[in-house]
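Each chain, written out:
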Amino acid sequence: MQQVKAVVAKAKGEPVSIETITVPDPGPGEALVKVLACGVCHTDMHYREGGISDDFPFLLGHEASGIVEAVGDGVTDVAPGDFVILNWRAVCGECRACKRGEPQYCFATHNATQKMTLSDGTELSPALGIGAFAQKTLVAAGQCTKVDPSARPAAAGLLGCGVMAGLGAAINTGGATRGRSAAVIGCGGVGVAAVAGAVLAGASPVIAVDIDPRKLEAARAAGATHTVDSSQADPVEEIKAICAQSYPGAEGADVVVDAVGRPETWKQGFYARDLAGTLVLVGVPTPDLKVPDLPLIDVFGRGGALKSSWYGDCLPSRDFPMLIDLYQRGRLDLDAFVSEEITLDQVEQAFDRMHDGSVLRSVVIL
């Protein structure tokens, strides 16, 4: 059992605080991880605002890399000293999805059994079962994905959530590839990652849509061939016109990724698709939002697919090592997502910068 410093959200909407927490020694199937870096993700802010659940207090942070310090009985896939990216899809191997050969849709992912606590014994709810805004955290061993230890921790850890979500939305869920066009609506960290994923897969053109010139510039740096400022022009008409230039007769993009998660942007994505195109929702809606009112004949008549992408439909054991290899070979610029490196006591300020769009990712270095 160890005591470490961590970022905790104690009550809905209140600023986070630095607390001393107690981390148990790993039990069967668990791993103790010394956290090296953890990105500040919108999901953490959603936890703080009570948008995920009311199980306060929350131990925030989940987009992380670190070093395994100790493992419990029965753990064979990782060992002390391994450099790992933490994931929130530790597949069970027993549910319907796993048994039918689709572990990326696992219905019963594993988390640590033991609870981390505040110093007074109050149990903490770790964000996405991880809780990595902490010097050390306890996770299920399956939440540790071993990767090349020479990778930069601040960049590698971003695959633990946002960057993987965007890359996977374009590639795994949307099926972006050569000979297909792609558009991404919303160019925060996840959206820019979706742009990077579409480019990596060979899609063209790749169109980025946002209302913030800074975000459009980040998308352009990630490989977007075209950008659309949707505060100045109708994004649906712009996407259609751009795609028709590359593919005569096209009525939109083959793959549209909504990285915002609002009815307005989802509806734009719906109509910005080519016939039989795919719309992927990866931006996380708040619980109060509803699917926009659409004529059912439009849903039928346009064909294609309307999908949601949870964690980019990734399988960490398959995707993380491959993406780190691409990063190490210069084919995937994970460093570009690291806007700044900060300390644990700067997380609250990082939420403000994320909210105003001035960063792709602030990364806590421990």
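Before any of the text, the structure's been laid out above.
Sequence order as written defines residue numbering, which begins from 1 separately in each chain. Local features are withheld for residues below a pLDDT of 70 in this predicted model, meaning they are given only at 70 or higher, and side-chain atom pairs are given and counted only at 80 or more; totals for whole chains, interfaces and linings count all residues. Only hydrogens and water are set aside; all other atoms, that is, all heavy atoms of the structure, feed into the side-chain values.

Chemist: I tried to follow helix H8 (residues 263–272) on my own but got confused; where do I start?
Modeler: An α-helical segment advances 3.6 residues per turn. Residues three or four places apart therefore align on the same side. Throughout this description, buried means an accessible area under 20% of the type-specific maximum (1.4 Å probe, protein chains only), exposed means over 50%, and partly exposed covers the range between. The secondary structure listing takes helices from DSSP runs of H or I that are at least 4 residues long and strands from runs of E that are at least 2 residues long, numbered from the N terminus. Inspection of H8 places Pro263, Thr265, Trp266, Gly269, Phe270 and Ala272 among the buried residues, and these make up the whole buried set. Whether two residues are in contact is decided by their heavy atoms, any of which lying within 4.5 Å being enough. Looking at the buried side of H8, the elements it contacts are strand E11 (182–185), helix H7 (235–246), strand E14 (253–258), strand E15 (273–281), helix H9 (296–302) and strand E16 (305–308).

Chemist: What is the right way to look at the packing of H7 against H8 in this model?
Modeler: How two helices sit against one another is set out by the angle between their axes and by the gap between those axes. To obtain each axis, a line is fitted to C-alpha atoms, and for helices this fit is confined to the stretch in contact; angles are then taken between N-to-C directions over 0 to 180 degrees. Put simply, H7 and H8 touch, their axes get as near as 9 Å, and they point 30° apart. In terms of their interaxial angle, H7 and H8 are classed as roughly parallel. Crossing of H7 over H8 shows right-handed handedness. Across the interface between the two elements, Pro235, Val236, Ile239 and Lys240 of H7 pack against Gln268, Tyr271 and Ala272 of H8. Looking at the contact of H7 with H8 residue by residue, the classes come out as 5 nonpolar, 1 polar and 1 charged. Each angle is binned into one of four classes, with values under 35 degrees roughly parallel, values over 145 roughly antiparallel, values of 65 to 115 roughly perpendicular, and all other values oblique. By convention, the crossing between two helices is left-handed when the near helix turns anticlockwise from the far helix through less than a right angle, and right-handed when the turn is clockwise. Any residue that is not Ala, Val, Leu, Ile, Met, Phe, Trp, Tyr, Cys, Pro, Asp, Glu, Lys or Arg is counted as polar, Gly included; the first ten are nonpolar and the last four charged.

Chemist: Looking at this structure, I do not really get the nonpolar core. What am I missing?
Modeler: We call a set of buried Ala, Val, Leu, Ile, Met, Phe, Trp, Tyr and Cys residues a nonpolar core when their side-chain atoms join them within 4.5 Å. Grouped together as the largest cluster of nonpolar side chains are 88 residues, with contacts concentrated most on Leu86, Phe133, Cys144, Leu159, Leu167 and Ile324. Counting residues in each nonpolar core, the second largest holds 18 residues, with Ile242, Cys243, Val256 and Ala272 among its members.

Chemist: What exactly am I supposed to notice about the packing of helix H4 (residues 162–173) against helix H5 (residues 189–200) here?
Modeler: H5 packs onto H4 with a crossing angle of 45° between their chain directions and a minimal axis gap of 7 Å. Our classification of the angle between H4 and H5 gives oblique. In this structure, H4 crosses over H5, and the sense of that crossing is right-handed. From H4, Gly162, Val163, Ala165, Gly166, Leu167, Ala170 and Ile171 reach across to H5, where they touch Val190, Ala193, Ala194, Ala196, Gly197, Ala198 and Leu200. In terms of residue class, the contact of H4 with H5 is built from 11 nonpolar, 3 polar and no charged.

Chemist: Where do I start with the packing of aromatic side chains in this structure?
Modeler: The way to describe two aromatic rings as a pair is by their centre distance and the angle between their planes. Only the six-membered ring of Trp is used, alongside the rings of Phe and Tyr, when aromatic pairs are assigned; centres must lie within 6.5 Å, and planes under 30 degrees apart are stacked while those over 60 apart are edge-to-face, with the rest tilted. Enumeration according to the criterion identifies 6 aromatic pairs in this entry. Look at Phe56 and Phe58: their rings are 4.7 Å apart centre to centre, the planes differ by 65°, and that puts the pair in the edge-to-face class. Overall, Phe58 belongs to the buried group, its relative accessible area being 2%. Taking 3.9 Å as the distance between ring centres and 5° as the angle between the ring planes, the aromatic pair formed by Trp88 and Tyr311 counts as stacked. Of this pair, Trp88 sits in the loop between strand E6 (83–86) and helix H2 (96–99) while Tyr311 is found in the loop between E16 and helix H10 (316–328), placing the two residues 223 residues apart along the sequence. On the basis of relative accessibility, which here comes to 10%, the residue Trp88 falls in the buried class.

Chemist: It is not clear to me how the pattern of salt bridges should be interpreted in this structure. Could you clarify?
Modeler: It is possible for side chains of opposite charge to pair when their charged atoms get near one another. We count a salt bridge whenever a side-chain nitrogen from Lys or Arg sits within 4 Å of a carboxyl oxygen from Asp or Glu. Enumeration according to the criterion identifies 15 salt bridges in this entry. Between Glu69 and Lys136 there is a salt bridge, with the nearest N and O atoms lying 3.0 Å from each other. On the criterion of sequence distance, the pair formed by Glu69 in strand E5 (residues 63–71) and Lys136 in strand E9 (residues 136–140) is long-range, its members being 67 residues apart. The buried category is assigned to Lys136, whose relative accessible area is 16%. Two residues, Arg262 and Glu264, come together in a salt bridge whose shortest N-O distance is 3.1 Å.

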